[in-house]
Every structure is written in C-alpha cells, then in structure tokens.
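Letter by letter, the chains look like this.
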Amino acid sequence: MSRPAVWLAAMLVVSSVAASAAAWYAAARLPLRVAAEVADPAAAFGPVVATQAALVGLLLLPMTLALGATFPLALAAAGPGVSAGREAARVYASNTLGAIAGSLVAGFALIPRLGLQSTFQWTAVAGVLAGTICLFAALSDTTRQFEQATKTRKHETRSFFVP
C-alpha cells in the first residue's frame, strides 16, 4: 500500500466523525425510535430487541472498521526494514498503552467532570486533531523523501556528465 501514513490519518478522522455521528444519533434519535416501537401495542419483545441490536451494529460499523484499520496502517507506516520487529513492538506497545490510558482517563476523569456528551465531543476533536497531525507528518515526510531523491538524482546526473 502506498503512503500508509496518509491512510492512517484518514482512518483517524473517519473514526472520529463516525463516532460523533453515532453518539449524536444514539442520544438524540434512538430513544425516540425505541419509544415508538415499544409504544406499539402489537410490538413483540424479540423483534424490537433484534431491530435495536441491528441498528446499534450499523451505528458502530463505520467507526469499528476505521479503528480496526488503524493498527495495520500504523505498522505499515512504521516501515519495513532491519528493525521491523522493533518497530512493530513499539507500535503494539503504544497502541496498548494508549488504550489503557484512554479508558482510565475517560472513565475516571473526563466523564465525571465533563459529562458523556462533552467527552464524546472533545475526544472526537482530539481524534480529528491526531489525524490532521498524522497527515501533515506523512506529507512532510513524503516531501522530504522527494527532495532527497531529487538531490540524489542531480548528483548522479552531474557525476555522469562531468569526468
């Protein structure tokens, strides 16, 4: 895959936007839909639960797919080479520590202080910011690689024509 860091940045942004949309729908629209289904005298428990489970699955699917793609993309962005094992271990450790720290901070600090809705909003902003930073880093790295390749080609061209 070419430019995995750009794709990583895109997946971070997509997951943040999808999480925000899912949280908004779950808070603003889903309760009304459940209430309408339960209020129907002909509603049966099984179909109502199945419908709600399918809807929640569809709400989580875009975010889950985007977040699921981030780890392999982070591994690809770390790059192959002599230290591929070391880079994979570094990415895996960072991913694990980030998941633990995020869970603890959200559960014990952000939600009690900011509330659930504000926590969702701020973490979505943080995800978009992380994606933007990753995108700029990927693009600047690509620019640096292009400049290095251009310098190398100029040097090779000069040495070819100059005895």
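Preceding this section is the structure that the text describes.
Residues take numbers from 1 onward in each chain, read along the sequence in its written order. Note on the predicted model: pLDDT of at least 70 is required for a residue's local features to be given, and 80 or more for side-chain atom pairs to be given and counted; whole-chain, interface and lining totals, by contrast, use all residues. Heavy atoms from the whole structure form the basis of all side-chain values; hydrogens and water molecules are not counted.

What about the nonpolar core?
- Throughout, nonpolar core names a set of buried Ala, Val, Leu, Ile, Met, Phe, Trp, Tyr and Cys residues whose side chains join them through atoms within 4.5 Å. The rule is simple: take the accessible area with a 1.4 Å probe, protein chains only, and divide by the maximum for that residue type; under 20% is buried, over 50% is exposed, in between is partly exposed. Formed by Leu8, Ala9, Met11, Ala66, Leu73, Ala74, Val91 and Cys134, the largest nonpolar core amounts to eight residues.
- Each helix is a run of DSSP H or I of at least 4 residues and each strand a run of E of at least 2, with the numbering of both proceeding from the N terminus. Among the secondary structure elements, those contributing two or more residues to this core are helix 1 (4-28) and helix 3 (45-78).
- Apart from residues lying up to four places away in sequence, Cys134 is in contact with Ala5, Leu8, Ala9 and Leu12. Contacts are residue-level and defined by heavy atoms, with any inter-residue pair within 4.5 Å sufficient.

Things to note about the pattern of salt bridges
- Just to be clear on terms, a salt bridge is a Lys or Arg side-chain nitrogen sitting within 4 Å of an Asp or Glu carboxyl oxygen. Considering all chains together, one arrives at two salt bridges under this definition.
- Its salt-bridge partner being Arg33, residue Glu37 comes within 3.6 Å of it at the nearest N-O pair. With Glu37 and Arg33 both in helix 2 (residues 30-39), this residue pair falls four residues apart, about one helical turn.
- Residue Arg90 is joined to Glu87 by a salt bridge in which the shortest nitrogen-to-oxygen separation is 2.3 Å. Placement of both Arg90 and Glu87 in helix 4 (residues 84-114) is noted, with a separation of three residues, approximately one turn of the helix.

Considering the packing of helix 3 against helix 4
- For the pair helix 3 and helix 4, interaxial distance at closest approach is 9 Å and the crossing angle is 145 degrees. Between helix 3 and helix 4 the crossing geometry is right-handed. Facing helix 3, whose interface residues are Phe71, Ala74, Leu75 and Ala78, helix 4 presents Glu87, Ala88, Arg90, Val91, Tyr92 and Asn95.
- Under the convention adopted here, Pro, Cys and the residues Ala, Val, Leu, Ile, Met, Phe, Trp and Tyr are nonpolar, Asp, Glu, Lys and Arg are charged, and Gly plus all remaining residues are polar. When its residues are assigned to classes, the contact of helix 3 with helix 4 shows seven nonpolar, one polar and two charged. To obtain each axis, a line is fitted to C-alpha atoms, and for helices this fit is confined to the stretch in contact; angles are then taken between N-to-C directions over 0 to 180 degrees. It is the rotation of the near helix from the far one that decides the hand of a crossing: anticlockwise by less than a right angle makes it left-handed, clockwise makes it right-handed.

Notes on the packing of helix 2 against helix 3
- Their axes nearest at 11 Å, the elements helix 2 and helix 3 cross at an angle of 165 degrees. Compared by their axis directions, helix 2 and helix 3 come out roughly antiparallel. In the crossing of helix 2 with helix 3, the sense of the turn from one axis to the other is right-handed. Of the residues in helix 3, those in contact with Leu30, Arg33, Val34, Glu37 and Val38 of helix 2 are Val48, Thr51, Gln52, Leu55 and Val56.
- Class assignment for the residues of the contact of helix 2 with helix 3 results in six nonpolar, two polar and two charged. Angle categories are assigned with fixed cut-offs, so that under 35 degrees is roughly parallel, over 145 is roughly antiparallel, 65 to 115 is roughly perpendicular, and the rest are oblique.

Observations regarding a nonpolar patch on the surface
- By definition, no residue in a patch forms a salt bridge, and every one has over 30% relative accessible area; like charges are joined within 9 Å, nonpolar side chains (Val, Leu, Ile, Met, Phe, Trp, Tyr) within 5 Å. Residue burial considers only the protein chains on display, and all accessible areas are found by Shrake-Rupley using a 1.4 Å probe. A cluster of nonpolar residues, Leu58, Leu61 and Leu65, forms a patch on the protein surface that exposes about 320 Å² of accessible area.
- One can find Leu58 in helix 3.

Concerning the side chain of Glu37
- Definition of a polar contact: a pair of N or O atoms within 3.5 Å, with one able to donate and the other able to accept a hydrogen when the atoms are protein atoms, and with sequence-neighbouring residues admitted only if both atoms are side-chain atoms. Among the polar contacts listed, one links the side chain of Glu37 to the side chain of Gln52, at a separation of 3.0 Å.
- In this view, Glu37 contacts Ala43, Val48, Thr51 and Gln52; residues no more than four positions away in its chain are not counted.

Topic: the packing of aromatic side chains
- A pair of Phe, Tyr and Trp rings is counted when the ring centres sit within 6.5 Å of each other, with Trp represented by its six-membered ring. The angle between the planes then sorts it: under 30 degrees is stacked, over 60 is edge-to-face, the rest tilted. Tallied over the entire structure, the rule returns two aromatic pairs.
- For the pair Phe71 and Tyr92, a centre-to-centre distance of 5.9 Å together with 75 degrees between the ring planes defines the contact as edge-to-face. One end of the pair, Phe71, is in helix 3; the other, Tyr92, is in helix 4, with 21 residues separating them in the sequence.
- Looking at Phe71, the relative accessible area reads 24%, which means it is partly exposed.
- Classification of Tyr92 as exposed rests on a relative accessible area of 52%.

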